[in-house]
Amino acid sequence: MSTVQRFLEGLNPQQLAAVTESTGHVLVLAGAGSGKTRVLTTRIAWLIHGGHASALQILAVTFTNKAAREMIDRIGAMLPINPRAMWIGTFHGLCNRLLRLHHRDAQLPQGFQILDSQDQLAAIKRMLKAAGVDDTRCPPRELQMFINSAKEAGLRAREVEVNGGRDRLWVELFESYERQCQREGLVDFAELLLRSYELLSRNEPLRSHYQQRFRHILVDEFQDTNVLQYRWLKLLAGPGSSVFAVGDDDQSIYRFRGAHVGNMADFEREFQVSQVIKLEQNYRSYGHILEAANRLISHNAQRLGKNLWTAEGQGERPVLFEAASDGLEASWIVEQVRQLSDAGLRPSDMAILYRSNAQSRVLEHALFTAAVPYRVYGGLRFFERAEIKNALAYLRLASNPHDDVSFARAVNFPARGIGTRTLEQLQDAAAGAQCSLYAAIGSLAGRAGASLAQFGRLIEALQSAASTQSLPELVASTIQQSGLAAHYAGEREGQERLENLEELVNASTSFAAEQGYAASAAGAASAAEADAEQAAFAAGAASAAEVSPLTAFLAHASLEAGDNQAGQGQDALQLMTVHSAKGLEFDAVFITGLEEGLFPHENSLSEGGGLEEERRLMYVAITRARKHLFVSFAQARLLHGQTRYGIRSRFLDELPPESVRWLTPRRSRMPEPVPYWNAPAAPRGAMSTQAAAVAHHGFQVGQSVRHPKFGDGVVIRLQGAGGDARAQIQFGQAGIKELLLAVAKLERA
DNA sequence: AATCCGTCTATTTTT
DNA sequence: TAGACGGATT
């Protein structure tokens, strides 16, 4: 068929092989910029249009909503079908869909609420308080980590291995958190995964239904999957189905949040992948940039092995620059930005990347002073804003009044005379009666009881509004009735918050419109199918179509926190961490702060495999650049209010010398002491510290030294005098050491 | 109920 | 240095 031919046109042989592989499971090693998304979407189009599968037989999983949206849009552009007929979404989104459809079997109320990390932490704190456990014996954040990592490993509280009293306590708290969530109909992110995993593993008919249905399972960013997600996929992949996994082990940078690169090798072995397809042709960067990336990553031992190449020319060599201070590094970047602008690049074609968010300050300052428009990624997202969460808490209560997380949030905001005392009494009453806070309202008498009763009536009013009004009407009236509108209207800085609440109404309007579209139009096929599923597996339960718009909207708000960027649209230079740059590309890229201790980050060096992950991070950074790449570091940097003297990152020495261009003399890895007057970012106090640091032993803060065992380093602090004089020294490999000057064989360099 | 003050911490982040 | 948080104060 000619349409199919047209899809396949222009694919390189490896891409073509991946797209049209028709037997068994497939592992695609997709290098940066190798057209991975194109392969995924083209394969889906090929499967459907070539008659290999129907849209209903396809399940495609991504990590972010953005990636899912992109996939849906691109398929929509290729095929005349409604892509919503397919199950395409994030792991969490798909699990949500599954659990709503089969909430009975999953032992959840139909309108279960999803807790984001913030909500989860609040729930944990509340549980700790109820259990009477001291925050110091069990820091809430650590318990949260403990619970989430257990769940992500597929473990329930009872399955966690206990060694010692501390563990026992934590496991008990884990258990009571689980009970609390179950009682209140709350599901955290990890629970979405675990609960649907358990649902499928325990319910054989349901499992085989979905196994037979999903003939083709496609997974994006496979290197980022965690242990539970891998098991989930394995469970869903029945006999005769094909799993198509796309990933790049060299871009695995999320181990710290549970990603398990080993899944790639496990997949190859356990699914008996006969052929691993490597996509190595890069369509993004010029040759010298790719050579830099290839050489750098070749220093990693743990690799599946892959080398990027391009059919385009060599292009410019990446430029390396050594600055005396972070301030001067920033000024140099601004100057390069100017030159690039003169050469015709728009600010939005350029990005400045850094390892940690704290580094953005100096850069922002320099850009602001030079009047370069810029935009910083990161920070609060729309649905995470306090005012939005407050409004959502009321909406959640309208949907499920027994959601104590939302109750606790809403009950006294805006203030309505229900203080900590009253709340404690209510908590006790609820704990005694084993019921929700809302259900316990009646048990309190007196003035406090009256205030609570009034709040209870508010919830009931919202509930009835929810059953009569349209979603946008409900959102608007909730903002009014809750008193949030009045509260923010009376606040000095409340205007912006009011606007955000207005925006929430708009969001609900467009959400409702989209849902309506999906339910009608070509989505009829999926609706019919979903109904069939209902008839077979959830007899008596509400069908998917009956999940109320409010419930759907609340799930949407939890699962998609909204844009992560400040003001968009305008032509601005992009500032972001290397992590958030993954998946993006720019004509010009600046990678900053290439200093030992910062990049690679010192905290990573103590973790096994940490250095290799840092190196992959650098690899990701380099491969973001299309034409121009600038890599820089500073001898002195203001960090936590103190000037830190850094050594050039080892990563710079791992780049191919013939493919890069040093703008500053490339010395041995020992910077000269920095004259403070060259370091405008340093506080005035630094001057006196440094002047005072010159002592009779002849060492000075910022001084380069060499130690027979630890190698090259820089003095970062001096204390004591005479025979007791000590120096703290930042070594390249060995990290920070404190040495007695009288004893240590330090050589001045 | 709002505000102030001392303490603590500071890598990366999506769902 | 700066920001977030919790406890105490007004």
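None of these values were measured; they are calculated from a predicted model.

Even after reading the chapter, I still don't get the protein's contact with DNA strand B, so can you show me in this structure?
Taken together, 26 residues lie near DNA strand B, and Ser117, Arg355, Asn357, Arg381 and Thr577 sit nearest. Among atoms of DNA strand B positioned within 4 Å of the protein, sugar and phosphate together represent 54%. In this structure, a phosphate oxygen belonging to DNA strand B sits 2.8 Å away from a side-chain N or O atom of Arg381. A distance of 2.9 Å is found between a base oxygen of DNA strand B and a side-chain nitrogen or oxygen belonging to Glu607. In terms of residue class, the surface near DNA strand B is built from six nonpolar, 16 polar and four charged.

Can you walk me through the pairing of strand S17 (residues 704-707) in this structure?
Along any regular strand, the residues point their side chains to alternate faces of the sheet. Where S17 meets strand S18 (residues 711-719), four bridges bridge the pair, whose relative direction is antiparallel. Across the sheet, residue Val705 finds its bridge partner in S18, namely Gly713. Remark: three residues form the turn of the hairpin made by S17 and S18, two consecutive strands paired antiparallel. Bridge analysis of S17 against strand S21 (residues 747-748) gives two bridges, and the strand direction is antiparallel. Along S21, the bridge assignment pairs Arg706 with Glu747.

What should I look at first to understand the packing of helix H11 (residues 227-236) against helix H12 (residues 262-270) in this one?
How two helices sit against one another is set out by the angle between their axes and by the gap between those axes. Where H11 contacts H12, the axes come no closer than 11 Å and their chain directions differ by 20°. On the basis of their axis angle, the class for H11 and H12 is roughly parallel. Regarding H11 and H12, the two cross each other, and that crossing is right-handed. On H12, the residues touching Val227, Tyr230 and Lys234 of H11 are Asn263, Asp266, Phe267 and Glu270.

Quick question: what am I supposed to make of the packing of aromatic side chains here?
Both the distance between ring centres and the angle between the ring planes are used here to describe each pair of aromatic rings. Taken as a whole and assessed by the stated rule, the structure comprises 22 aromatic pairs. With centroids separated by 5.8 Å and ring planes inclined at 50°, the aromatic side chains of Tyr254 and Phe256 adopt a geometry described as tilted. Relative accessible area serves as the criterion here: at 62%, Phe256 is assigned to the exposed category. Measuring from centroid to centroid gives 6.5 Å for Tyr394 and Phe455, while their planes differ by 75°, and the two rings are edge-to-face. You can see Tyr394 sitting in helix H16 (residues 386-399) and its partner Phe455 sitting in helix H20 (residues 446-468), a full 61 residues away along the chain.

I keep staring at the sheet that holds strand S7 (residues 242-247) and nothing clicks. Help me out?
Sheets are built from strands paired through backbone hydrogen bonds, the pairs being either parallel or antiparallel. Taken in spatial order, the six strands line up as S3-S2-S6-S7-S1-S8 in an open sheet, and their pairing is parallel. In the strand order of this sheet, the two ends are held by strand S3 (87-90) and strand S8 (276-279), each with one partner. Here the strands of the sheet are splayed against their neighbours by 15° on average, with no regard to which way each runs. Pairing between strand S1 (residues 26-30) and S8: four bridges, direction parallel. Residue pairing for S8: Ala30 is matched across the bridge by Leu279. Along the sheet, helix H3 (residues 36-49) contacts S1, strand S2 (58-62), strand S6 (216-219), S7 and S8; its crossing angle with S7, the most-contacted strand, is approximately 160°.

The rules behind the values
- Residues numbered from 1 in each chain as written.
- Chains lettered and ligands numbered in written order.
- Predicted model: local features only at pLDDT ≥ 70, side-chain atom pairs only at ≥ 80, totals over all residues.
- Heavy atoms only, no water.
- Near = heavy atom within 4 Å.
- Polar contact = N/O pair within 3.5 Å; in protein donor to acceptor, adjacent residues only side chain to side chain.
- Nonpolar A, V, L, I, M, F, W, Y, C, P; charged D, E, K, R; others polar.
- Pairing = 2+ DSSP bridges.
- Helix = DSSP H or I, 4+ residues; strand = E, 2+ residues; numbered from the N terminus.
- Axes fitted to C-alpha atoms, helices over the stretch in contact; angles between N-to-C directions.
- Parallel < 35°, antiparallel > 145°, perpendicular 65-115°, else oblique.
- Left-handed = near helix turned anticlockwise from the far one by under 90°.
- Contact = heavy atoms within 4.5 Å.
- Phe/Tyr/Trp six-rings, centres within 6.5 Å; stacked < 30°, edge-to-face > 60°.
- Buried < 20%, exposed > 50% of the residue type's maximum accessible area, 1.4 Å probe, protein only.

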